[in-house]
Amino acid sequence: MLNRLQLIKNHLQLPSSTLRLSQTRSIHAMAPTFKLPSGAVIPYPAFGTGTKWYKPGDPTINRAVVDAIVSALKLGYRHIDAAQTYGTEGEVGVAIKESGIPREEIFITTKVYQNVGDPKKALEESLKLLQIDYVDLYLLHHPFITEEKYGITLEKAWETLIELKAAGLTKDIGVSNWAVGDLERVEGAKEYPAVNQIEFNPYLQNQTPGIVEYSQKKGLIVEAFTPLVSLTEKGGPVDEVVDKLATKYGKDAGQIILKWVLARNVLPITTSAKPERQLSNFSLDGFELTPEEVEAINVAGSKKHVRKYWTAEYGHITA
Ligand SMILES: NC(=O)C1=CN([C@@H]2O[C@H](COP(=O)(O)OP(=O)(O)OC[C@H]3O[C@@H](n4cnc5c(N)ncnc54)[C@H](O)[C@@H]3O)[C@@H](O)[C@H]2O)C=CC1
Ligand SMILES: O=CCc1c[nH]c2ccccc12
């Protein structure tokens, strides 16, 4: 089998069949499994198509975004995190076709934000852009849903996602940026969210008070966006701990942090335009952080608070 560095040099020439996840990830006893109510297991790390790639309201296909997604798929990523609001669902659809990887081998998440007033219409528009007839996971992008602003209540929006799952337009359903109080509002629904995608990293170990423990106790899979903020905003208290561990394990800082996310039983969503980083962020096997090393990052990270998203809504609450 090609070694990973050789892989990076050749990855654009990989045959369209490319690598199968089983070829690129040894099954490690410590590796968490993120199993959904449908029985599907969510691959990780997810490749993000927001943040770096935002183009809201711009329907033109950005080749650089397509190429980045194709590169990630050819390197072995099998989970794409999308959202209607990013404006990049068209690029995801083109990239899946160009990758030559069968659709059923790719776990595709998308989300509804601005047009949450009609989730069915929103999902149908997303499926058209993605060039697929179902998504694997559909999320309410945020909980700030009111009749005044969107013409629908949070509870009704959630019930609509339950209907969309029953109709087969999505295999599983969940939420993003929800706090404990939001989850309590759908406690009595026919189905409960399977996923809560939140901002999570050493500098934000609870996006809102108690949300990680509450979500995991209730059986939700917690997904982490912005896991690498301590790298994108260097100079914080985790740097020394992470750098020492990177040296100890012969890995880069990104791999240490993504491994820390997994050790917290949270699924990381990250992104990069660089194939080398894409490969590095995907290569998370072959080592495990000890509980003491995980705790060292917990403690160091708790000394600094960074929130990048939803500050208008959540402010800078330190959960
Ligand atoms: N549900 C929501 O409200 C949100 C969801 N997301 C999702 O999460 C995805 C990832 O979010 P990000 O903040 O971009 O994640 P992130 O914290 O992984 O940051 C990615 C950035 O880190 C840098 N980077 C990547 N790999 C690196 C490495 N190995 N070493 C050093 N630097 C590295 C690159 O500059 C890259 O743009 C988004 O694309 C989107 O899909 C992001 C924000 C909010
Ligand atoms: O999901 C990404 C974060 C986000 C929060 N608000 C907006 C608005 C438009 C695009 C992305 C986002």
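- Naming follows an unreviewed UniProt entry, where the chain appears as NADP-dependent oxidoreductase domain-containing protein of Myxozyma melibiosi.
- Quoted straight from UniProt, the Sequence similarities (unreviewed entry) entry for the chain says "Belongs to the aldo/keto reductase family."

### Looking at the site of ligand 2
Phase 1: Every residue near ligand 2 is listed here: Tyr 54, Thr 85, Tyr 86, Tyr 113, His 141, Tyr 309 and Trp 310.
Phase 2: Separating an oxygen atom of ligand 2 from a side-chain N or O atom of His 141 is a distance of 2.8 Å.
Phase 3: Considering ligand 2 on its own, with 310 Å² of exposed area, one finds that the protein chains cover 78% of that surface.
Phase 4: The pocket occupied by ligand 2, as judged from atoms lying within 2 Å of grid points, is the largest pocket.
Phase 5: Partitioned by chemical class, the residues of the shell around ligand 2 number five nonpolar, two polar and no charged.

### Thoughts on the sheet that holds strand 6 (residues 195-199)
Two strands in a sheet stick together by hydrogen bonds in their backbones, pointing the same way (parallel) or opposite ways (antiparallel).
Phase 1: If you walk around this closed barrel you meet the eight strands as 1-2-3-4-5-6-7-8, and the pairing is parallel. Looking at each pair of strands side by side, their axes are set apart by 30 degrees on average, direction ignored.
Phase 2: Taken together, the three bridges between strand 2 (residues 79-81) and strand 3 (residues 107-112) define a ladder with parallel strand orientation. Across the sheet, Asp 81 pairs through a bridge with Thr 109, a residue of strand 3.
Phase 3: Along the sheet face, helix 5 (residues 119-130) touches strand 3 and strand 4 (135-140) and points at about 135 degrees away from the line of strand 4.
Phase 4: Against the sheet, helix 7 (residues 154-166) contacts strand 4 and strand 5 (170-176), and its axis sits at roughly 160 degrees relative to strand 5.

### Quick notes on the environment of Phe 107
Phase 1: Mapping Phe 107 onto the fold places it in strand 3.
Phase 2: Classification of Phe 107 as buried rests on a relative accessible area of 5%.
Phase 3: For Phe 107, the contacting residues outside a window of four places in its chain are Leu 36, Ile 42, Pro 43, Arg 78, His 79, Ile 80, Asp 136 and Leu 137.

### A closer look at the environment of Thr 170
Phase 1: Take Thr 170: it is sitting in strand 5.
Phase 2: Take Thr 170: its relative accessible area is 1%, and that puts it in the buried class.
Phase 3: For the pair Thr 170 and Val 261, spaced 91 residues apart in sequence, the C-alpha separation works out to 26 Å.
Phase 4: Ignoring anything within four residues of it in the chain, the contact list for Thr 170 reads Val 135, Asp 136, Leu 137, Tyr 138, Leu 164 and Lys 165.

Thresholds, definitions, all that
Residues numbered from 1 in each chain as written. Chains lettered and ligands numbered in written order. Predicted model: local features only at pLDDT ≥ 70, side-chain atom pairs only at ≥ 80, totals over all residues. Heavy atoms only, no water. UniProt positions renumbered as here; feature names shortened; annotations may be inferred. Near = heavy atom within 4 Å. Polar contact = N/O pair within 3.5 Å; in protein donor to acceptor, adjacent residues only side chain to side chain. Areas by Shrake-Rupley, 256 points an atom, 1.4 Å probe, with all protein chains shown as cover. 1 Å grid on protein atoms, 1.4 Å probe; cavity = no way out; pocket = protein on both sides within 12 Å on 5 of 7 lines; lining within 4 Å. Sits in = over half its atoms within 2 Å of the grid points. Nonpolar A, V, L, I, M, F, W, Y, C, P; charged D, E, K, R; others polar. Pairing = 2+ DSSP bridges. Helix = DSSP H or I, 4+ residues; strand = E, 2+ residues; numbered from the N terminus. Axes fitted to C-alpha atoms, helices over the stretch in contact; angles between N-to-C directions. Contact = heavy atoms within 4.5 Å. Buried < 20%, exposed > 50% of the residue type's maximum accessible area, 1.4 Å probe, protein only.

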